[in-house]
Amino acid sequence: MSMGEPSFRGCQMAQWLYRKSVRDTAGMTDLPVGFRQRLMQEFGLRNLTETLQQVAGDGTLKLAFRLRDGEVIETVFIPHEDRGTVCVSSQAGCVVGCVFCATGHSGYRRNLTPGEIVEQVLCCQPLARVTHVVFMGMGEPLLNYEAVLRAVRLLNHETGIGMRNLTLSTVGIVPNIRRLAAEKLQLTLAVSLHAPDDELRQRLIPTQHRYSVKEIVHCCRDYAAQTSRRVTFEYVLLAGLNDSASRARQLAQLLRGVLCNVNLIPYNPIDASDDYQPPDATSIRRFQSLLEEAGITVTQRRERGLDIDAACGQLRRRLNSTGARIGLMIARGVR
Ligand code: SAH
Ligand code: SF4
């Protein structure tokens, strides 16, 4: 950006934006008034307007933001004592269409810009010190590669969030996982696998027939070798579909020798008339034990914010279908 101002103005602005979470130029008090006005007119630092908040019993806060062109995205803030994790969206909607995902059901609208991604984090900074960011909101981050990488670098350099505390979750876009590996960043890669074989995976993710399960695992093996970073495989557990003992054994076999861990995510129902169900606790434990017996580290995603539709795309879906009359709450003071 060149606006005929000395270069230190850029540093001053970055301080306000990223460290002090001031998104309105009127509050950037060490910048000349004329420059502040021009900044607002020419660049408009506010891309996001908050339209809805929901707070869960466990303190998880879900935000819906309207973008300048009217699109709606979601951001989730998960507090842990005096710090917090922000789950950001990388696209408005998603082209992939996983059958169990509310975002997938609502179709694809557009890519987010780096500014729109970073601003989701800036909006949460007044709530608590943001130490972790996960790209697990709406959209497929590796189908918006440049903007996501730019946002990752900005978050790391400007807000000081450690690369290892930035997690990118992808449905498994093989060429872009390879491209990411070549960047040699220390960020954490999570790959949504959900099935140990192609036939079942294609039923759950109908558009993803380009890359086989074997290819995905192979490129994750290379990713781990190139970056020395353990890859997380996410596995949404759906009762009667992918949760049997034989699937667990197949998965263990597939992942043998890969520097990885498996994150089991019990399905979070989208609505009451849902075709899918999460497995019962016994089936989840059995699945977990079979993987652990095969030497695989397993984590289970803590169910946070279940009472506020905190899974990907669910709030926006309600917002669109009901005109947004669901528990509007005041977020300040959420811990
Ligand atoms: N597109 C990326 C990142 C966004 S989705 C991806 O698919 O990885 C983030 C995670 O939420 C994915 O692992 C996805 O499978 C999971 N998810 C989506 N809908 C869900 C639901 N209804 N219940 C549980 N997990 C869900
Ligand atoms: Fe897209 Fe991820 Fe949802 Fe699948 S789970 S539809 S890839 S956002």
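We now turn to the structure provided with this report. Keep in mind that this is a model prediction, so the values were computed, not measured.

**Quick look at the site of ligand 1**
Thought 1: Neighbouring residues of ligand 1: 19 residues in total, closest Gly 139, Ser 169, Ser 192, His 194 and Asn 268.
Thought 2: Here Ser 169 contributes a side-chain N or O atom positioned 2.7 Å from an oxygen atom of ligand 1.
Thought 3: Between ligand 1 and the protein, one listed contact pairs an oxygen atom with a side-chain N or O atom of Ser 192 at 2.6 Å.
Thought 4: For ligand 1, the accessible surface in isolation is 530 Å², of which the surrounding protein chains cover 95%.
Thought 5: For the shell around ligand 1, the elements supplying multiple residues, two or more each, are β8 (166–170) and β10 (231–237).
Thought 6: Residue composition of the shell around ligand 1, by class: 9 nonpolar, 8 polar and 2 charged.

**A word on the nonpolar core**
Thought 1: Among the nonpolar cores identified, the biggest contains 91 residues, and Val 133, Leu 187, Phe 233, Leu 255 and Leu 291 are the most heavily contacted of them.
Thought 2: Residues in contact with Val 133, not counting those within four places in the same chain, are Val 86, Val 88, Val 121, Leu 155, Ile 161, Asn 165, Leu 166 and Thr 167.

**A few points about the sheet that holds strand β2 (residues 61–67)**
Thought 1: Strand order across the open sheet formed by 10 strands is β1-β2-β3-β4-β7-β8-β9-β10-β11-β12, with mixed pairing between neighbours. Each edge of the open sheet carries a strand with a single partner, namely β1 (48–55) and β12 (297–300). The average angle at which neighbouring strand axes cross in this sheet is 25 degrees, direction not considered.
Thought 2: Pairing analysis gives 7 bridges linking β10 to strand β11 (residues 260–266), with the strands arranged parallel. Residue pairing for β11: Tyr 235 is matched across the bridge by Leu 264.

**Section: the pattern of salt bridges**
Thought 1: According to the stated counting rule, one finds 9 salt bridges in the structure shown.
Thought 2: Where Lys 62 meets Glu 74, a salt bridge forms, and the shortest distance between an N and an O atom there is 3.0 Å. Linking Lys 62 in strand β2 with Glu 74 in strand β3 (residues 72–80), this pair joins segments that are 12 residues apart in sequence.
Thought 3: Where Arg 203 meets Glu 199, a salt bridge forms, and the shortest distance between an N and an O atom there is 3.4 Å. On the criterion of helical spacing, the pair formed by Arg 203 and Glu 199 is a turn pair, its members being 4 residues apart in helix α7 (residues 198–204).
Thought 4: Residues joined in a network through salt bridges with shared partners are Asp 69, Arg 110 and Glu 116.

**Regarding the packing of aromatic side chains**
Thought 1: For the structure on display, the rule yields 2 aromatic pairs.
Thought 2: Here Tyr 235 and Phe 287 contribute two aromatic rings whose centre-to-centre distance is 5.0 Å and whose plane-to-plane angle is 40 degrees, an arrangement assigned as tilted. Highlighted residues: Tyr 235 in strand β10 and Phe 287 in helix α10 (residues 281–293), separated in sequence by 52 residues.
Thought 3: Here Tyr 235 falls in the buried class, since its relative accessible area comes to 1%.
Thought 4: The exposure class assigned to Phe 287 is buried, which follows from its relative accessible area of 0%.
Thought 5: Between Tyr 267 and Tyr 276, the ring centres sit 6.2 Å apart and the planes meet at 75 degrees, which makes this aromatic pair edge-to-face. Both residues of the pair, Tyr 267 and Tyr 276, count as buried.
Thought 6: Above the plane of the ring of Tyr 145 lies Arg 179, whose end atom (NZ or CZ) is 3.9 Å from the centre.

Quick notes on the rules
- Residues numbered from 1 in each chain as written.
- Chains lettered and ligands numbered in written order.
- Predicted model: local features only at pLDDT ≥ 70, side-chain atom pairs only at ≥ 80, totals over all residues.
- Heavy atoms only, no water.
- Near = heavy atom within 4 Å.
- Polar contact = N/O pair within 3.5 Å; in protein donor to acceptor, adjacent residues only side chain to side chain.
- Areas by Shrake-Rupley, 256 points an atom, 1.4 Å probe, with all protein chains shown as cover.
- Helix = DSSP H or I, 4+ residues; strand = E, 2+ residues; numbered from the N terminus.
- Nonpolar A, V, L, I, M, F, W, Y, C, P; charged D, E, K, R; others polar.
- Core = buried A, V, L, I, M, F, W, Y, C linked by side-chain atoms within 4.5 Å.
- Buried < 20%, exposed > 50% of the residue type's maximum accessible area, 1.4 Å probe, protein only.
- Contact = heavy atoms within 4.5 Å.
- Pairing = 2+ DSSP bridges.
- Axes fitted to C-alpha atoms, helices over the stretch in contact; angles between N-to-C directions.
- Salt bridge = Lys/Arg side-chain N within 4 Å of Asp/Glu carboxyl O.
- Phe/Tyr/Trp six-rings, centres within 6.5 Å; stacked < 30°, edge-to-face > 60°.
- Lys NZ or Arg CZ within 6 Å of the ring centre and 35° of its normal.

Treat this as a map of the structure, not an account of what it does.
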